[in-house]
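Analysis of the macromolecular model
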Amino acid sequence: MRTPARPPLDGLKKRLDQSRAERERMPRDGFLRETFVLPRSDARLKAKEWFERFPKQAYWTEIESWFERPGDLIEFTIRRLPAAD
């Protein structure tokens, strides 16, 4: 009885390389970041929601950056720690 040949691993290797490349571009400071582009009133509500859900004292939540875009849109990035430990 013959042992079957190993399947080609080219697709897996390619996906691993892509994943590693993406991870290298991400900062390694332990924070989780999310970027939003919302109308001004919705942006305020989203920020308030994050600060209520992830309190600053426990998660170090903060608005990392924000920009005013045309049409009264606000683009902002919020960061927080993954856990409150």
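Above this text you will find the structure in question.
Read on for a plain summary of the structure. All values reported here derive from a predicted model rather than from experimental measurement.

Some points on the overall build of the protein
- Across its full length, the protein carries three helices and three strands.
- Reading the protein from its N terminus to its C terminus gives the helix and strand order α-β-α-α-β-β.
- Computed over the C-alpha atoms, the radius of gyration of the protein is 20 Å, more than 25% above the 12 Å expected from 2.2 N^0.38 for a compact globule of 85 residues.
- The principal-axis extents of the C-alpha atoms in the protein amount to approximately 70 × 35 × 20 Å.
- Relative to its 85 residues, the protein shows a buried fraction of 16%.
- Sequence separation of at least 24 residues holds for 54% of the intrachain contacts in the protein that already meet a minimum separation of 6.
- Summing over all exposed atoms, the protein offers an accessible surface of approximately 7500 Å²; the carbon and sulfur share of this is 53%.
- Distance between charge centroids for the protein: 7 Å, based on 19 positive and 15 negative side chains.

Thoughts on the nonpolar core
- Formed by Phe 36, Ala 43, Trp 50, Phe 54, Tyr 59, Ile 74, Phe 76 and Ile 78, the largest nonpolar core amounts to eight residues.
- Elements that contribute at least two residues to this core include exactly α2 (40–53) and β3 (73–80).
- Of all the elements, β3 adds the most residues to this core, at three residues.
- Sequence-distant contacts of Phe 54, that is, excluding residues within four places in its chain, are made with Tyr 59, Thr 61 and Arg 80.

Thresholds applied
- Within each chain, residue numbers correspond to sequence positions counted from 1 in written order.
- Thresholds applied to this predicted model are a pLDDT of at least 70 for local features of residues and 80 or more for the giving and counting of side-chain atom pairs; totals over whole chains, interfaces and linings are not thresholded and use all residues.
- Side-chain descriptors were evaluated using all non-hydrogen atoms of the structure, hydrogens and water having been removed beforehand.
- Helix numbering and strand numbering both begin at the N terminus, where a helix is a DSSP run of H or I of at least 4 residues and a strand a DSSP run of E of at least 2.
- For the radius of gyration, the atom set is restricted to C-alpha positions; the globular benchmark scales as 2.2 Å times the number of residues to the power 0.38.
- Throughout, exposure labels follow a simple rule: accessible area from a 1.4 Å probe, protein chains only, divided by the maximum for the residue type, with under 20% read as buried, over 50% as exposed, and the rest as partly exposed.
- It only takes one pair of heavy atoms within 4.5 Å for two residues to be counted as in contact.
- Surface exposure here means Shrake-Rupley accessible area, sampled with a 1.4 Å probe, where a residue is shielded only by the protein chains that are shown.
- His is not counted here, nor are the chain ends, while Lys and Arg score as positive and Asp and Glu score as negative.
- Every charge is mapped onto a representative atom, which is NZ of Lys, CZ of Arg, CG of Asp or CD of Glu.
- Among buried residues, the Ala, Val, Leu, Ile, Met, Phe, Trp, Tyr and Cys ones that are joined through side-chain atoms within 4.5 Å form a nonpolar core.

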